[in-house]
Amino acid sequence: MSKPLVGILAPKNALPEALLQALKGRGIACEWCKVGPWSLDQACPYRVIVDRIGHVYEFYRPFLKAAALQGCYVMNNPFWFLADDKFYNYSLARKLGVAIPRTVLLPCKEYDERVLAPDDLHNLSQLEIDWVEVVGKVGLPAILKPYDGYGWREVHRVDTVEQLKAIYDESMMDVMMLQEFIDFEHYVRCFVVGGKWVLPTSYDPTQRRYVVDHDHLTPALGQRIDEECRRLNQALGYDINTVEFAIRDGVPYAIDFMNPVPDARPEVISWLYFTWLVDRICDHIEEVINQGRVSATRMESWSNPQVVC
Ligand SMILES: Nc1ncnc2c1ncn2[C@@H]1O[C@H](COP(=O)(O)OP(=O)(O)O)[C@@H](O)[C@H]1O
Ligand SMILES: [Mg+2]
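This one's a predicted model, so the numbers in the text were calculated from it and none came from an experiment.

1. A closer look at a nonpolar patch on the surface
Then step 1. A cluster of nonpolar side chains, contributed by Val56, Tyr57 and Phe59, occupies part of the molecular surface with about 300 Å² of accessible area.
Then step 2. In this structure, Phe59 sits in the loop between strand E3 (48-51) and helix H2 (60-69).

Right, dumping it as structure tokens:
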């Protein structure tokens, strides 16, 4: 049998299983990754690794970074998404000219026991948050959510300052953001693969449900969303991601675009979208192999003096 080119690092469920089958169908040798105690001089046997578990199983992360340094292309790049957060992502979107809700990052309510308050916190301009000032920046109602959230964890709509304070007071060590509430007429969730293939789906966030509809966007809005998804994902360096937009008065506001391991169960996203996703990931893997692409690592900053760490 030929040498495996692609290793799949993922729980055994529909998407990785379908990827294995589809890649084999295209004549690309692939298998489930096998990783045990890993020595520094060990050679990674894969040309490409698709990772859908490193975000929750820490042992894989240093392995993936070491593999990338050897020239293995890791999807998604472990140097990117493990360092990302939503506030940075909004800042990036703003710089790229993508509409985003007004957002304020908040100092956390509680901290590690290594922080000796108040002395160690003298750099904070306000030890007690001035809520009137903060709310003045985003308005009410607003959304209070963690800067590194996922799966709706601790996402709250707040309608009054009292409600906001009460929820913030329970937020413990989470770093939270207060964000303008976008009262949307439509919500769109886009699968984006390889920074260039975009599938904008109609999504009902109240039911957390995908709605298969081929005509939910005007051509102009569809084109704008497609273009902004590419711009965001190319800048973020994500191979696989979803981007959510809340549409208000015809303007798409990017809400959540840090989903490097999106839920891809066919019973949730539909078989139609599942098939699209499997096909596009395979296309992307083929391109990466054919073009000899490797993952960006911090080596670039060493070899290029223009890039300063
Ligand atoms: N600024 C906002 N305006 C309106 N709704 C929002 C806003 N931010 C979040 N939401 C709602 O909350 C849901 C979860 O928030 P999101 O930012 O996507 O975090 P998570 O990463 O936990 O999914 C979104 O799908 C959306 O329905
Ligand atoms: Mg989300």
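2. Some remarks on the sheet that holds strand E12 (residues 240-248)
Then step 1. Ordered by their spatial adjacency, 5 strands build an open sheet running E11-E10-E9-E12-E13, and the pairing between neighbours is antiparallel. Strands at the two margins of the open sheet, each flanked by one partner only, are strand E11 (209-211) and strand E13 (251-256). Within the sheet, the average angular offset between the axes of one strand and its neighbour, ignoring direction, is 40°.
Then step 2. Across 8 bridges, the pairing between strand E9 (residues 186-193) and E12 is antiparallel.

3. Brief notes about helix H1 (residues 14-25)
Then step 1. In this model, H1 (12 residues) spans 16 Å end to end at C-alpha, consistent with the 16 Å of a helix rising 1.5 Å per residue.
Then step 2. Turning to H1, its buried residues number three or more, namely Leu15, Pro16, Ala18, Leu19, Leu20 and Leu23.
Then step 3. Two residues or fewer after H1 comes Gly27, characterised by a positive phi angle close to 80°.

4. A look at the site of ligand 1
Then step 1. The immediate surroundings of ligand 1 are formed by 19 residues, with Lys86, Lys145, Trp152, Glu180 and Ile182 found nearest.
Then step 2. Between Glu244 and ligand 1, the recorded distance is 3.2 Å, taken from a side-chain N or O atom to an oxygen atom.
Then step 3. For ligand 1, whose free accessible area comes to 540 Å², the fraction covered by protein is 96%.
Then step 4. Residues that form the shell around ligand 1 fall into these classes: 10 nonpolar, 3 polar and 6 charged.

5. Focus: the pairing of E3
Then step 1. With burial as the criterion, each face of E3 is covered, one bearing Val48 and Val50 and the other bearing Ile49 and Asp51.
Then step 2. Bridge count between strand E1 (residues 6-9) and E3: 4 bridges; the pairing is parallel. Bridge pairing links Leu9 to Asp51 in E3.

6. What to know about the domain arrangement of the protein
Then step 1. Domain annotation of the protein identifies domain 1 (1-83 + 273-309), domain 2 (85-99 + 182-257) and domain 3 (102-180).
Then step 2. Put simply, the middle of domain 1 and the middle of domain 2, counted by C-alpha atoms, are 25 Å apart.
Then step 3. Each side of the interface is counted separately: domain 1 has 16 residues, and domain 2 has 18 residues.
Then step 4. Roughly 1500 Å² is buried in total at the junction of domain 1 and domain 2, and carbon and sulfur atoms are behind 67% of that figure.

7. So, the pairing of E12
Side-chain direction in a regular strand flips from residue to residue, so the side chains alternate between the two faces of the sheet.
Then step 1. Burial analysis of E12 places 9 of its 9 residues in the buried class, the great majority of the element.
Then step 2. Judged from the 5 bridges that link them, E12 and E13 form a sheet pairing that is antiparallel. Bridged to Phe245 within E13 is Ala254.
Then step 3. Hairpin connection from E12 to E13: 2 residues lie between these consecutive antiparallel strands, with Asp249 at a positive phi of about 50°.

8. Quick look at the packing of aromatic side chains
Then step 1. Scanning the model with the defined rule gives 11 aromatic pairs in all.
Then step 2. Taking the centre distance of 5.7 Å and the plane angle of 50° together, the rings of Phe59 and Tyr60 count as tilted.
Then step 3. Ring centres of Phe191 and Tyr210 lie 5.9 Å apart, and the angle between their planes is 20°; on these two criteria the pair is classed as stacked. On the criterion of sequence distance, the pair formed by Phe191 in strand E9 and Tyr210 in strand E11 is long-range, its members being 19 residues apart. Per residue, the accessibility class of Phe191 equals that of Tyr210, and both read buried.
Then step 4. Put simply, the rings of Phe184, Tyr187, Phe191, Tyr203 and Tyr210 touch in pairs and so form one group of aromatic residues.
Then step 5. A cation over an aromatic ring shows up here: Arg189 above the ring of Tyr203, its NZ or CZ 5.2 Å from the ring centre.
Then step 6. For the cation-ring pair, Arg208 lies above Trp152, with the distance from its terminal atom to the ring centre recorded as 3.9 Å.

How each quantity is defined
Within each chain, residue numbers correspond to sequence positions counted from 1 in written order. Lettering for chains starts from A, numbering for ligands starts from 1, and both go in the order in which the items are written. Predicted model: local features are reported for residues with pLDDT of at least 70 only, side-chain atom pairs are reported and counted for 80 or more only, and whole-chain, interface and lining totals are derived from all residues. The side-chain quantities take in all heavy atoms of the structure and omit both hydrogens and water. Exposure above 30% relative accessible area and no salt bridge define the residues that can form patches, which grow by joining like charges within 9 Å and nonpolar side chains of Val, Leu, Ile, Met, Phe, Trp and Tyr within 5 Å. What sets the accessible areas is the Shrake-Rupley method with a 1.4 Å probe; for residues, cover comes only from the shown protein chains. We count a salt bridge whenever a side-chain nitrogen from Lys or Arg sits within 4 Å of a carboxyl oxygen from Asp or Glu. To qualify as a helix, a DSSP run of H or I must reach at least 4 residues; to qualify as a strand, a run of E must reach at least 2; elements of each kind are numbered from the N terminus. The pairing criterion is simple: DSSP has to find at least two bridges between the two strands. In this description, a line fitted to the C-alpha atoms serves as the axis of each element, helices being fitted only across the stretch in contact, and the angle between N-to-C directions of two axes falls anywhere from 0 to 180 degrees. An expected span of 1.5 Å times one less than the residue number is assigned to each helix. Exposure classes here rest on a 1.4 Å probe applied to the protein chains alone. A residue is buried below 20% of its type maximum, exposed above 50%, and partly exposed in between. To be near a molecule or strand, a residue needs just one of its heavy atoms within 4 Å of it. Polar contact is the term for a pair of N or O atoms within 3.5 Å; when the atoms are in protein, one must be able to donate a hydrogen and the other to accept it, and sequence-neighboring residues count only if both atoms are side-chain atoms. Each residue is assigned to one class: nonpolar for Ala, Val, Leu, Ile, Met, Phe, Trp, Tyr, Cys and Pro, charged for Asp, Glu, Lys and Arg, and polar for all the others, Gly among them. A domain assignment, automatic or from a database, supplies the domain bounds used here. Contacts: residue pairs with any heavy atoms within 4.5 Å of one another. Summed over both partners, the accessible area (1.4 Å probe) lost when two parts come together is defined as the buried area. Each Phe, Tyr or Trp ring (for Trp, its six-membered ring) is paired with any other whose centre lies within 6.5 Å, and the angle between the two planes then decides the class: stacked below 30 degrees, edge-to-face above 60, tilted in between. Definition used: whenever NZ (Lys) or CZ (Arg) falls within 6 Å of the ring centre and also within 35 degrees of the ring normal, the charge is taken to sit over that ring.

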